[in-house]
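If you want the building blocks of each chain, they are given just below.
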Amino acid sequence: MKIAIIGTGNLGKSIAKGLINTKAISSLYLTKRNIAALKEFEAIDNVFLTSNNTEAVQNSDIILLAVQPAHLTKILAEIKPELKSHHLVISTITGFSIAKIEEIIGVENSIIRAMPNTAIAVGKSMTCLCGNSKGLEKISTAETIFNKLGTSIIIPESQMQAATVVCASGIAFWMRMIRATTQAAIQLGFDAYEAQELAMHTCEGASSLLITNGNHPEQEIDKVTTPKGCTIEGLNEMEHQGLSSSLIQGMVASYQKINTIKSEQL
């Protein structure tokens, strides 16, 4: 694949590293106003560094936009004359709708929105994808890219706000759960390093069980709860203290906030 990443900041770098490590590219153009910040990529075969977005588009088939939201309108107008029927435009910019992109570059272009999370840096992103009618014809290309950087799922654009809460903000929610587990382990006698190791890898194991076995969480819970045992005692106390309801209410509050932000931007 001939890919250009326009705006190679932290997210762009993470995507670039994933594409390079998985040998997913025939060529990769990375753009940034200060290309000195991309020095780590300069000796890699078939990777080209430039501050010229037009040059990158002219030499690529897939245009991956990873710029700051405030810069997107200007950059879309800049590259519009270079976009051809074979180009696929993928935007990772939160809150910038397909309709707004179409207003600038035209409805005839293939456009996809991608919402990855920060775990893309370690190849474990949960990325949500949606597209316009032209983009959906090429959605498998976007899936191929983001499946090399974790897992992807296609959703309606109307669900992208909710997906931001579940997947992007969700990283922070799970980090807080891991931190709380770590603090409990310290109180139970482990040192801080051991406590975090126990918390992190137990969390990873729980997720891996569901991914590998395809079970509902309650099926895996049943395997470790025994009558009058310590697990069910702990679970019931957590529920009495509002664990599930607090998580749900927190995510709903986050969703309401993101909708408020969107309304203020209109």
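Residues numbered from 1 in each chain as written. Predicted model: local features only at pLDDT ≥ 70, side-chain atom pairs only at ≥ 80, totals over all residues. Heavy atoms only, no water.

Going by what an unreviewed UniProt entry lists, the chain is known as Pyrroline-5-carboxylate reductase and is assigned to Tenacibaculum aiptasiae. Regarding the chain, the UniProt comment filed under Function (unreviewed entry) reads as follows: "Catalyzes the reduction of 1-pyrroline-5-carboxylate (PCA) to L-proline." (UniProt positions renumbered as here; feature names shortened; annotations may be inferred.)

> Lay out the overall build of the chain in plain terms, naming residues and giving numbers.
The helix and strand inventory of the chain stands at 11 helices and 8 strands. Taking the principal axes of the C-alpha coordinates as reference, the chain spans close to 70 × 40 × 30 Å. A total of 266 residues make up the chain; the buried ones form 37% of that total. Accessible surface, the chain as shown: approximately 15300 Å² in total, 56% of it carbon and sulfur. Distance between charge centroids for the chain: 7 Å, based on 22 positive and 24 negative side chains. (Helix = DSSP H or I, 4+ residues; strand = E, 2+ residues; numbered from the N terminus. Buried < 20%, exposed > 50% of the residue type's maximum accessible area, 1.4 Å probe, protein only. Areas by Shrake-Rupley, 256 points an atom, 1.4 Å probe, with all protein chains shown as cover. Lys, Arg positive; Asp, Glu negative; His and termini not counted. Charge placed at Lys NZ, Arg CZ, Asp CG, Glu CD.)

> Requested: an account of the nonpolar core, with residues and values cited.
Of all hydrophobic cores here, the largest spans 28 residues; its most connected members are Ile6, Ile63, Leu65, Leu76 and Ile105. Looking at this core, the elements that each hand over two or more residues are β1 (2-6), α2 (53-58), β4 (62-65), α3 (69-79), α4 (98-105), β6 (110-115), β7 (125-131) and α7 (160-187). Not counting residues within four places of it along the chain, the set of residues in contact with Ile63 comprises Ala4, Ile6, Val57, Ile79, Leu83, His87, Leu88, Val89 and Ile90. (Core = buried A, V, L, I, M, F, W, Y, C linked by side-chain atoms within 4.5 Å. Contact = heavy atoms within 4.5 Å.)

> An account of the domain arrangement of the chain is needed here, citing residue identities and associated values.
Domain boundaries in the chain define domain 1 (2-155) and domain 2 (164-265). In this structure, domain 1 and domain 2 have C-alpha centres spaced 32 Å apart. The interface of domain 1 with domain 2 comprises 6 residues on the first partner and 4 residues on the second. Across the domain 1 to domain 2 interface the summed buried area is about 490 Å²; carbon plus sulfur atoms make up 72%. Summed over the shared surface of domain 1 and domain 2, the number is 0 salt bridges. (Domains from an automatic or database assignment. Buried area = accessible area lost by both parts, 1.4 Å probe. Salt bridge = Lys/Arg side-chain N within 4 Å of Asp/Glu carboxyl O.)

> Before we move on, can you summarise the UniProt feature "domain: Pyrroline-5-carboxylate reductase catalytic N-terminal" (unreviewed entry) in the chain with the specific residues and values?
With numbering matched to this structure, UniProt assigns "domain: Pyrroline-5-carboxylate reductase catalytic N-terminal" (unreviewed entry) to residues 2-93. In residues 2-93, the share of helix is 32% and the share of strand is 24%. The end C-alpha atoms are 21 Å apart.

> I'd like a rundown of the sheet that holds strand β5 (residues 88-91), residues and numbers included.
Taking strand neighbours across the sheet as the criterion, the 8 strands line up as β3-β2-β1-β4-β5-β6-β7-β8 in an open arrangement whose pairing is mixed. The outermost strands of the open sheet, each flanked by one partner alone, are β3 (47-50) and β8 (150-154). Ignoring which end each strand starts from, the neighbouring axes of this sheet average 20 degrees apart. Where β1 lies against β4, 4 bridges are found, and the strand directions are parallel. Looking at β4, one finds that Ile6 is bridged to Leu65. Each of β1, β4 and β5 touches α3; the most contacted strand, β4, lies at about 165 degrees to it. Against the sheet, α4 engages β5, β6 and β7, with an angle of about 145 degrees to β6. (Pairing = 2+ DSSP bridges. Axes fitted to C-alpha atoms, helices over the stretch in contact; angles between N-to-C directions.)

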